[in-house]
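An overview of the molecular structure
Here is what each chain is made of, one letter per residue.
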Amino acid sequence: MKNYTSDSVLNTKSYAFAIRIVKLSQLIQKERSEFVLSKQILRSGTSIGALIRESEYGQSRADFIHKLSIALKEAHETDYWISLLRDTGYLEEKLSISLLTDCSELKALLISSIKTLKNNS
């Protein structure tokens, strides 16, 4: 499959988001001694970028689209964990808004990419 996402906005933003999620997980573990939720958000938040990278080597267009669709599902799950951490007091409002905004941007980019790929099929 064509190296579609390499150096793309989607690739760059998902990587930067993963870094923020790793730091968030470390912060929650260190300052709040919360390990279960921090592992959940770490898993889903970092898998978005990993799936986008993996999609670059999809065996077919359908496989490429499928990997991006899974990344979108992980972004939706990450949105859930951020909201839960905010609403249970583990995450400050300002930080949660910033993370939710980044997550929403990733979801919008993924939706747009998936739609474009499907329309070009």
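Heads up: these notes are all about the structure in this document. Given the structure is predicted, the values throughout are model-derived calculations rather than measurements.

With that settled, the discussion passes to the packing of aromatic side chains. For the structure shown, the criterion picks out 1 aromatic pair. Measuring from centroid to centroid gives 5.0 Å for Tyr80 and Trp81, while their planes differ by 75°, and the two rings are edge-to-face. Under the relative-accessibility criterion, Trp81 is labelled buried at 14%.

A separate point is unusual backbone geometry. A positive phi angle, close to 50°, is found at Ser33, a residue other than glycine. When you line up the elements, Ser33 lands in the loop between α1 (9–32) and α2 (36–55). Given the relative accessible area of 51%, Ser33 is considered exposed.

With that settled, the discussion passes to the pattern of salt bridges. Summed over the entire model, instances satisfying the criterion amount to 8 salt bridges. Here Glu77 and Arg43 are joined by a salt bridge, their closest N and O atoms 2.4 Å apart. On the criterion of sequence distance, the pair formed by Glu77 in helix α3 (residues 61–87) and Arg43 in helix α2 is long-range, its members being 34 residues apart. Under the relative-accessibility criterion, Arg43 is labelled partly exposed at 40%. Residues Lys107 and Asp79 are paired through a salt bridge, measuring 3.3 Å at the closest nitrogen-oxygen approach. Of the two residues, Lys107 is situated in helix α4 (residues 93–119) and Asp79 in helix α3; the sequence distance between them amounts to 28 residues. Each of the salt bridges in this network shares a partner with another, and the network as a whole consists of Arg43, Glu74 and Glu77.

By size, the foremost hydrophobic cluster in this structure holds 27 residues, and its most contacted members are Phe17, Ile48, Leu68 and Leu110. Of all the secondary structure elements, the ones that give two or more residues to this core are α1, α2, α3 and α4. The greatest single-element share of this core, amounting to 9 residues, is contributed by α3. Setting aside chain neighbours within four positions, we find Ile48 in contact with Ser14, Phe17, Ala71, Glu74, Ala75, Thr78, Leu106 and Leu110.

The next subject is the side chain of Ser47. On the secondary structure map, Ser47 appears in helix α2. Taking the relative accessible area as the measure of exposure, Ser47 reaches 16% and is therefore buried. In this structure the side chain of Ser47 is engaged in a polar contact, spanning 3.2 Å, whose partner is the side chain of Glu74.

Next up on the list: the packing of α1 against α2. Two elements in contact, α1 and α2, have axes separated by 9 Å at closest approach and are oriented at 165°. Classified by the angle their axes make, α1 and α2 are roughly antiparallel. Pair α1 / α2 crosses with left-handed handedness. Where α1 approaches α2, its residues Leu10, Asn11, Ser14, Tyr15, Phe17, Ala18, Ile21, Val22, Leu24, Ser25, Ile28 and Gln29 are matched on the opposing element by Ser38, Lys39, Ile41, Leu42, Gly45, Thr46, Ile48, Gly49, Ile52 and Arg53. Classifying every residue of the contact of α1 with α2 gives 12 nonpolar, 8 polar and 2 charged.

Here is what the cut-offs are and how they apply
Residues numbered from 1 in each chain as written. Predicted model: local features only at pLDDT ≥ 70, side-chain atom pairs only at ≥ 80, totals over all residues. Heavy atoms only, no water. Phe/Tyr/Trp six-rings, centres within 6.5 Å; stacked < 30°, edge-to-face > 60°. Buried < 20%, exposed > 50% of the residue type's maximum accessible area, 1.4 Å probe, protein only. Helix = DSSP H or I, 4+ residues; strand = E, 2+ residues; numbered from the N terminus. Salt bridge = Lys/Arg side-chain N within 4 Å of Asp/Glu carboxyl O. Core = buried A, V, L, I, M, F, W, Y, C linked by side-chain atoms within 4.5 Å. Contact = heavy atoms within 4.5 Å. Polar contact = N/O pair within 3.5 Å; in protein donor to acceptor, adjacent residues only side chain to side chain. Axes fitted to C-alpha atoms, helices over the stretch in contact; angles between N-to-C directions. Parallel < 35°, antiparallel > 145°, perpendicular 65-115°, else oblique. Left-handed = near helix turned anticlockwise from the far one by under 90°. Nonpolar A, V, L, I, M, F, W, Y, C, P; charged D, E, K, R; others polar.

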